Amino acid sequence: MILDTSEKTLAPNGGLISIRPNPNNGVFEISVQSAITEDATLSITDLTGRSLYETYCRTNQPVKITTQLPSGVYFAVVNTAHGRKT
């Protein structure tokens, strides 16, 4: 599984998304770094934008994700009150 986000800015206040390891076998950690700690929604989508996995998290706190998705390329989408990043 390869997730497409490479340390991208989340919102104007300067957040980053990091995924480790990437690529992975469906078990990985996502960290959403931001200037403020807030609630977020994390979705894993396929190339058509269909949501395949969704969970709630908080920025500045790493989240361990375990999925059973087949090998492929996926996108991580993070939504907070201050912005959205794919």
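Residues numbered from 1 in each chain as written. Predicted model: local features only at pLDDT ≥ 70, side-chain atom pairs only at ≥ 80, totals over all residues. Heavy atoms only, no water.

Draft legend 1. Representation of the overall build of the chain within the structure. Broken down by element type, the chain carries zero helices and eight strands. Secondary structure elements of the chain occur, N-terminal to C-terminal, as β-β-β-β-β-β-β-β. For the chain, the computed accessible surface area is about 4800 Å², with 51% contributed by carbon and sulfur atoms. (Helix = DSSP H or I, 4+ residues; strand = E, 2+ residues; numbered from the N terminus. Areas by Shrake-Rupley, 256 points an atom, 1.4 Å probe, with all protein chains shown as cover.)

Draft legend 2. Quick look at the nonpolar core. Judged by nonpolar contacts, the single largest core of 14 residues is most densely connected at Phe28, Ile30, Leu42, Ile44, Ala76 and Val78. Listed by contribution, the elements that provide at least two residues to this core are strand S2 (16-20), strand S3 (27-33), strand S4 (39-45), strand S6 (63-66) and strand S7 (73-80). With residues up to four places along the chain from it excluded, the contact list for Leu42 reads Ile30, Tyr53, Glu54, Thr55, Cys57, Ile65, Ala76, Val77 and Val78. (Core = buried A, V, L, I, M, F, W, Y, C linked by side-chain atoms within 4.5 Å. Buried < 20%, exposed > 50% of the residue type's maximum accessible area, 1.4 Å probe, protein only. Contact = heavy atoms within 4.5 Å.)

Draft legend 3. Spotlight on the pattern of salt bridges. Per the counting criterion, the structure on display carries two salt bridges. With a closest N to O distance of 2.7 Å, Asp39 and Arg58 form a salt bridge. Of this pair, Asp39 sits in strand S4 while Arg58 sits in strand S5 (residues 51-58), and the two are 19 residues apart along the sequence. Under the relative-accessibility criterion, Asp39 is labelled exposed at 54%. Overall, Arg58 belongs to the partly exposed group, its relative accessible area being 33%. Between Arg50 and Asp46 there is a salt bridge; the shortest N-O distance is 3.1 Å. You can call Arg50 exposed: its relative accessible area is 53%. (Salt bridge = Lys/Arg side-chain N within 4 Å of Asp/Glu carboxyl O.)

Draft legend 4. Inspection of the sheet that holds S2 at higher detail. Strand order in the open sheet formed by three strands is S2-S3-S6, and the pairing between neighbours is antiparallel. Whereas interior strands pair on both sides, the edge strands pair on one side only; in this sheet they are S2 and S6. Neighbour-to-neighbour, the strand axes of the sheet open up by a mean angle of 25°, direction not taken into account. Here S3 runs beside S6; their pairing, made up of four bridges, is antiparallel. Counted as the bridge partner of Phe28 is Ile65 from S6. (Pairing = 2+ DSSP bridges. Axes fitted to C-alpha atoms, helices over the stretch in contact; angles between N-to-C directions.)

Draft legend 5. Structural view of unusual backbone geometry. For the bond from Arg20 to Pro21, the omega torsion is -10°, close enough to zero to count as cis. The step from Asn22 to Pro23 runs through a cis peptide bond, and the omega angle for that step is 10°. Along the chain, the position of Pro23 falls in the loop between S2 and S3.

Everything listed here is a matter of coordinates, which is why it stays silent on function.
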